[in-house]
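# Understanding the architecture of this molecule
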Amino acid sequence: MGKVDLNKKLKENSLLKTAFEFFTTKGFSKTSITDIVNKAGVAKGTFYLYFKDKYDIRNKLVSHKSSQLFKTALSELGESINDLPFEERLIRIIDNIINQLNNNQSLLTFISKNLSWGIFKNAITTPVSEDDINFSEVYYQMLSEAPNGFRDPEIMLFMIIELVSSTCYSAILYKEPCSLVELKPYLYNSIRLIISQHEKKAKN
């Protein structure tokens, strides 16, 4: 990477970092682009070289932070999950991500408040940073290694993500309807049921 490209990347990263700090402390609606550029130390016009508007930088942040969660999970789990069945591999990844969010509740709040399927789908298919992971490739690689295959894998993932995000948000932040530890066995059984409903059963 040349000096000019490196400088651009540093400015973009500074804007992303500053925006995240404001969104998680001051709130998205109360944060202005002026706040972000002043704190980041760049001209307002520079902001528009990287982002269309405040919603665009928020969406890219959700994508980036979501990708970082997947990357950390895969890195920490390593090759230990490669020989597991598809559903157990996915649950191990989800469990790791839930634990990360439990340890970083401001990130949980930010992602949960701003996550839509469209943003999430973009996050797993179009990495914001070179360091981000393309989870879509990982997911479909895992699917391809399963013995029986799956119907409508995108719908299956949508159902799982919606279930995990809504239940864990309440359990982590409010301990409703129970603690996260108490919730996990029920959550993972439900995920297994969703996967089972989409699995193409082997013909006898």
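Residues numbered from 1 in each chain as written. Predicted model: local features only at pLDDT ≥ 70, side-chain atom pairs only at ≥ 80, totals over all residues. Heavy atoms only, no water.

### What about the packing of helix H6 (residues 105–114) against helix H9 (residues 153–174)?
In helix packing, the relevant descriptors are the interaxial angle and the interaxial distance, both defined with respect to the helix axes. In contact at an axis separation of 11 Å, H6 and H9 are set at 145 degrees when each is read in the N-to-C sense. Considering how the two elements wind past one another, H6 and H9 form a crossing that is left-handed. Residues Gln-105, Leu-108, Thr-109, Ser-112 and Lys-113 of H6 touch H9, and the partners they reach there are Ser-165, Tyr-169, Ile-172 and Leu-173. In terms of residue class, the contact of H6 with H9 is made up of four nonpolar, four polar and one charged. (Axes fitted to C-alpha atoms, helices over the stretch in contact; angles between N-to-C directions. Helix = DSSP H or I, 4+ residues; strand = E, 2+ residues; numbered from the N terminus. Left-handed = near helix turned anticlockwise from the far one by under 90°. Contact = heavy atoms within 4.5 Å. Nonpolar A, V, L, I, M, F, W, Y, C, P; charged D, E, K, R; others polar.)

### Here we look at the environment of Lys-54
Within the secondary structure, Lys-54 is located in helix H4 (residues 54–77). A relative accessible area of 16% means that Lys-54 is categorised as buried. Taking C-alpha positions, Lys-54 is 7.6 Å from Ser-32, a pair spaced 22 residues apart along the chain. Other than its neighbours up to four places away in sequence, Lys-54 contacts Phe-23, Phe-28, Ser-29, Thr-31, Ile-33 and Phe-47. A distance of 2.7 Å separates a polar side-chain atom of Lys-54 from the backbone oxygen of Thr-31. (Buried < 20%, exposed > 50% of the residue type's maximum accessible area, 1.4 Å probe, protein only. Polar contact = N/O pair within 3.5 Å; in protein donor to acceptor, adjacent residues only side chain to side chain.)

### Some thoughts on the packing of helix H5 (residues 86–103) against helix H8 (residues 135–145)
Contact geometry of H5 with H8 gives a least axis separation of 9 Å together with a crossing angle of 155 degrees. Here H8 runs roughly antiparallel to H5, going by the angle between their axes. Residue-level contacts link Phe-86, Arg-89, Leu-90 and Ile-93 of H5 to Phe-135, Tyr-139, Met-142, Leu-143 and Glu-145 of H8. When its residues are assigned to classes, the contact of H5 with H8 shows seven nonpolar, no polar and two charged. (Parallel < 35°, antiparallel > 145°, perpendicular 65-115°, else oblique.)

### Brief notes about the confidence of the model for the protein chain
Across the protein chain, the average pLDDT comes to 89, with 94% of residues at or above 70. Averaged over each element, pLDDT in the protein chain is lowest for helix H7 (residues 117–125) (68) and highest for helix H10 (residues 180–198) (97). (pLDDT = per-residue confidence, 0-100.)

### Some details on the packing of aromatic side chains
Going through the model one piece at a time under the given rule, you end up with 13 aromatic pairs. Relative to Phe-51, the ring of Tyr-50 lies with its centre 6.3 Å away and its plane at 50 degrees, an arrangement referred to as tilted. Look at Tyr-50 and you get buried, because its relative accessible area is 18%. Classification of Phe-51 as buried rests on a relative accessible area of 2%. Their ring planes at 45 degrees and their centres at 4.9 Å tell us that Phe-86 and Phe-150 sit as a pair that is tilted. Of this pair, Phe-86 sits in helix H5 while Phe-150 sits in the loop between H8 and H9, placing them 64 residues apart in sequence. Judged by relative accessible area, Phe-86 falls into the buried class, the value being 6%. (Phe/Tyr/Trp six-rings, centres within 6.5 Å; stacked < 30°, edge-to-face > 60°.)

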